[in-house]
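Coordinates in review
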Amino acid sequence: MRRVRPARHVRRAVASCAVTAWVLGAALTACGTAAPEAPRAARPAPSATAPSAPPTLAPGPAGLTPVFEHGPRTAGRTVALTFDADMTADQGPRAAAGERFDNPPLIAALRALKVPATVFMTGRWAEQYPVQARTIGQDPLFEVANHSYSHYAFTGDCYGLPTVSPERMRTDVERAYAAFREAGVEHAMPYFRFPGGCYDRAALKALTPAGVTAVQWDVVSGDAFATDADAVAEDVLKGVRPGSVVVMHCTRSAAPTTERALRRIVPELRARGYRFVKVSELIGASR
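This write-up is about the structure you can find in this document. (Residues numbered from 1 in each chain as written. Predicted model: local features only at pLDDT ≥ 70, side-chain atom pairs only at ≥ 80, totals over all residues. Heavy atoms only, no water.)

1. Looking at the packing of helix α7 (residues 229-239) against helix α8 (residues 258-271)
For the record, the criterion: Axis lines are fitted through C-alpha atoms, for helices just across the contact stretch, and the angle between N-to-C directions can take any value from 0 to 180 degrees. In this description a helix means any DSSP run of H or I spanning at least four residues, a strand means any run of E spanning at least two, and both kinds are numbered starting from the N terminus. Take the far helix as the reference: if the near one is turned anticlockwise from it by less than a right angle, the crossing is left-handed, and if turned clockwise, right-handed. Whether two residues are in contact is decided by their heavy atoms, any of which lying within 4.5 Å being enough. Following the grouping adopted for this structure description, the nonpolar residues are Ala, Val, Leu, Ile, Met, Phe, Trp, Tyr, Cys and Pro, the charged ones are Asp, Glu, Lys and Arg, and the polar ones are all others, Gly among them.
Where α7 contacts α8, the axes come no closer than 8 Å and their chain directions differ by 35 degrees. Of the two elements, α7 crosses α8, and the hand of that crossing is right-handed. Across the interface between the two elements, Ala-229, Asp-230, Val-232, Ala-233, Glu-234, Val-236 and Leu-237 from α7 touch Arg-260, Ala-261, Arg-264, Ile-265, Glu-268 and Leu-269 from α8. For the contact of α7 with α8, a count of residues per class yields 8 nonpolar, no polar and 5 charged.

2. Quick notes on the nonpolar core
As a rule of thumb, soluble globular proteins bury nonpolar side chains together. Worth spelling out the cut-off: To qualify as a nonpolar core, a set must consist of buried Ala, Val, Leu, Ile, Met, Phe, Trp, Tyr and Cys residues joined through side-chain atoms within 4.5 Å. Note on classification: 1.4 Å probe, protein chains only; a residue is buried when its accessible area is under 20% of the maximum for its type, exposed when over 50%, partly exposed between these limits.
Core analysis: the largest hydrophobic core is formed by 63 residues, its most contacted members being Phe-83, Met-121, Trp-125, Phe-154, Phe-180 and Phe-194. Non-local contacts of Trp-125, meaning those with residues more than four positions away in its chain, are made with Ala-85, Asp-86, Met-87, Phe-101, Asp-102, Gln-132, Ala-133, Ile-136 and Cys-250.

3. Observations concerning the pattern of salt bridges
Applicable threshold: Put simply, a salt bridge is a Lys or Arg side-chain nitrogen that is within 4 Å of an Asp or Glu carboxyl oxygen.
Tallied over the full model, the rule gives 12 salt bridges. With a closest N to O distance of 2.7 Å, Asp-139 and Arg-111 form a salt bridge. A residue pair is termed long-range when its members are at least 10 positions apart, and Asp-139 in the loop between α4 (130-138) and β5 (142-146) and Arg-111 in helix α2 (residues 104-113) qualify at 28 residues. Look at Asp-139 and you get buried, because its relative accessible area is 17%. For the salt bridge of Arg-264 with Asp-230, the shortest nitrogen-to-oxygen distance reads 3.6 Å. In this pair, Arg-264 sits in helix α8 while Asp-230 sits in helix α7, placing the two residues 34 residues apart along the sequence. Residue classification places Arg-264 among the partly exposed positions, given a relative accessible area of 24%. Each of Asp-230, Glu-234, Arg-264 and Glu-268 takes part in salt bridges that share partners, so that together they form one network.

4. Here we look at the side chain of Ser-280
Condition: A 3.5 Å cut-off defines polar contacts: any pair of N or O atoms within that distance qualifies, except that in protein one atom must be a possible hydrogen donor and the other a possible acceptor, and neighbouring residues in sequence count only when both atoms are side-chain atoms.
As for its position among the elements, Ser-280 is in helix α9 (residues 279-286). Residue classification places Ser-280 among the buried residues on the basis of a relative accessible area of 14%. A distance of 2.8 Å separates polar atoms of two side chains, one belonging to Ser-280 and the other to Glu-143. Filtering out sequence-adjacent residues up to four positions away, Ser-280 remains in contact with Pro-55, Glu-143, Met-189 and Tyr-191.

If you want it as structure tokens, here you go:
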């Protein structure tokens, strides 16, 4: 049984949703008796159409959960920055003691730089920071995707993370979506990122009924526990190719240099002609 593991930098970290659209219309009629018939009221214009279902990949071999690593290399210079909002199910006491698993300055920097991004959020993070989860989910600049509820590994021997049993894997993912809804995130994407990036065939099979597309990456920022923002930026700038998916983190305690690295990465990639997109755009271009 093969297990896919992310690049070496991640080893430093110990760390469907279907959208339904509808249009309501109503016709108003009026009629008279002795007087001439009153003109029928005009049919009101349809209300704004809800977004169509997010793009996903077709199931993989034997119907397994599909895995996405990067977009097309020939469809223009696009790149997706993704940020993992990690928090394990048992880190509540640490948060209560003052450890920060969020990173508001990073989100503010993305907004100031007008950079679209995909935030892979754990359900536990959404429970700890419901206001932030909701504002990220409501901001059209961002999309929220699933990073499990617990941030427990879906395989054994995954960088020291606790593991979730195969029979609980789907439940863990669905519990995260429930936490998002409770926080006010109404349109979380049907995308899932494995904690630690670790998965195997059993994990892909367990998540098949959830209808998600597993999203990995092809560029590792190395921001987890990094102290040198320039080194993080260099790793990204050296690795990016058209269609790349970059993995970074949205946890201040575990990735304290990410915001500073971002402020160098964004202008340099734009100077090279890159356009920042969400993961959904790359997946849509890959089908």
